[in-house]
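# Examining the three-dimensional arrangement
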Amino acid sequence: MRAVVVEQWGGPEMLVEREVARPEPGLNEVLVRVHAAGVNPVDFKTRASGALIEWGALPAVGWDVSGTVEAVGPGVGMFRPGDEVYGMPLFPRQAGAYAEYVVAPARHLAPKPANLTHVQAAALPLAALTAWQALVDTAQVRAGERVLVHAAAGGVGHLAVQIAKARGAYVIGTASAGKHDLLRRLGADEVIDYRTVRFEDAVVDVDVVLDGLGGQNAERSLKVLRPGGRLITLPGPDDVPADVPEHVRAVWMLVEPDHLGLREIAALAERGALTPVVETVVPLAEAAKAHEIGEQGRTTGKIVLSVV
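Reference entry: report on the structure contained in this document. (Residues numbered from 1 in each chain as written. Predicted model: local features only at pLDDT ≥ 70, side-chain atom pairs only at ≥ 80, totals over all residues. Heavy atoms only, no water.)

It is worth spelling out the nonpolar core at this point. With 53 residues, the main nonpolar core has Leu135 and Leu183 as its most contacted residues. Counting residues per element, this core draws most heavily on helix α3 (residues 125-138), which supplies 9 residues. Once residues within four sequence positions are removed from consideration, Leu135 is found in contact with Gln140, Val141, Val147, Ala160, Ile163, Ala164, Val208 and Leu210. If you look at the next biggest cluster of nonpolar residues, it comprises 29 residues, including Val4, Val32, Val85 and Val307. (Core = buried A, V, L, I, M, F, W, Y, C linked by side-chain atoms within 4.5 Å. Buried < 20%, exposed > 50% of the residue type's maximum accessible area, 1.4 Å probe, protein only. Helix = DSSP H or I, 4+ residues; strand = E, 2+ residues; numbered from the N terminus. Contact = heavy atoms within 4.5 Å.)

This next bit is on the pattern of salt bridges. If charged atoms from side chains of opposite charge come close, those side chains can pair. By the definition in use, this model includes 16 salt bridges. Measuring nitrogen to oxygen at the nearest pair gives 3.3 Å for the salt bridge that ties Glu17 to Arg2. With a gap of 15 residues between them, Glu17 in strand β2 (residues 15-19) and Arg2 in strand β1 (residues 2-6) connect regions that are remote in the sequence. Two residues, Glu100 and Arg2, come together in a salt bridge whose shortest N-O distance is 3.4 Å. Of the two residues, Glu100 sits in the loop between β5 (84-87) and β6 (101-105) while Arg2 sits in strand β1, which places them 98 residues apart along the sequence. A residue is classified by how much of its surface remains accessible, and Glu100, at 15% relative accessible area, is buried. (Salt bridge = Lys/Arg side-chain N within 4 Å of Asp/Glu carboxyl O.)

For the pair α3 and helix α8 (residues 259-270), interaxial distance at closest approach is 10 Å and the crossing angle is 100°. Relative to α8, α3 is oriented roughly perpendicular. Contacts between α3 and α8 pair Pro125, Ala128, Leu129 and Trp132 from the former with Gly261, Leu262, Glu264, Ile265 and Leu268 from the latter. Here the contact of α3 with α8 is composed, by residue class, of 7 nonpolar, 1 polar and 1 charged. (Axes fitted to C-alpha atoms, helices over the stretch in contact; angles between N-to-C directions. Parallel < 35°, antiparallel > 145°, perpendicular 65-115°, else oblique. Nonpolar A, V, L, I, M, F, W, Y, C, P; charged D, E, K, R; others polar.)

We now examine α3. Buried residues dominate α3, accounting for 12 of its 14 residues. For α3, the set of buried residues is Pro125, Leu126, Ala127, Ala128, Leu129, Thr130, Ala131, Trp132, Gln133, Ala134, Leu135 and Val136. Once α3 ends, the next one or two residues include Gln140, with phi positive near 55°.

Trans is the common state for peptide bonds, and a negative phi is the common state for residues other than glycine. That bond from Phe91 to Pro92 is cis: its omega, 5°, falls within 30 degrees of zero. Counting through the fold element by element, Pro92 comes out in the loop between β5 and β6. A positive phi angle, close to 70°, is found at Leu90, a residue other than glycine. As for its placement among the helices and strands, Leu90 is situated in the loop between β5 and β6. The backbone phi angle of Asp205 is positive, close to 55°, even though this residue is not glycine. Note that Asp205 resides in the loop between α6 (199-202) and β11 (206-211). A relative accessible area of 41% means that Asp205 is categorised as partly exposed.

See the structure below:
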């Protein structure tokens, strides 16, 4: 099969397409014929340094997949060949989603949202699960609460806006001015241009902050939280502020595979409450180009690799 692998740690040019052996599903595993694979910032970071991941003999990046079940291993009862599925297998262990086939534990997948294409569905797993696990599982956002989403037009951010809105929250997003109309269409109640306004001067009494930027941004976010507020930071554990007031909670969260979360996300998509924005679609063979685009840091929504 065709797969994109890492020649050695470094720049996007280190991603090359190779012919490799097709994997076979083992106990409780599913072989998926990949139609599309999502591209995420964690892909760039791992390609550059090999950090975070337990690598196989031939390093291969990528986790977001949408495709069709090709075969099932012993013990799998929830899927059959021909089923359309999507998911984020094995994260943070190596999955190798930039490929024609990928093997995944069955419960790291879920039925693909019926109303989405494979390209759209491939944009969801890692980013949408991050937003879901941060807002729903960790922060436990409730109706009427005020939620501030930083980098609200990005991969995680634009989905977090919609998930928070679906929970009945009042949603505030930070983004450059050119992305404000999109965020309002996605449900944001209030949008702040971070280039011209300091968000801590514009908002108060926030219940939940979802911070995908870290650093000083996380520290500044503490200022807008009301007593009982929750700050969820995503970049890394070192981005949790050192001095957190007793009246608020600040945690780092790392996404994990989640069958039930994927089902909840699919249900939101199927009822029209969650729509992934795909800015760029790139062929599998041009994965390096996708990384070059993504590392510019200006992507609205997601970049997706088309495999079929």
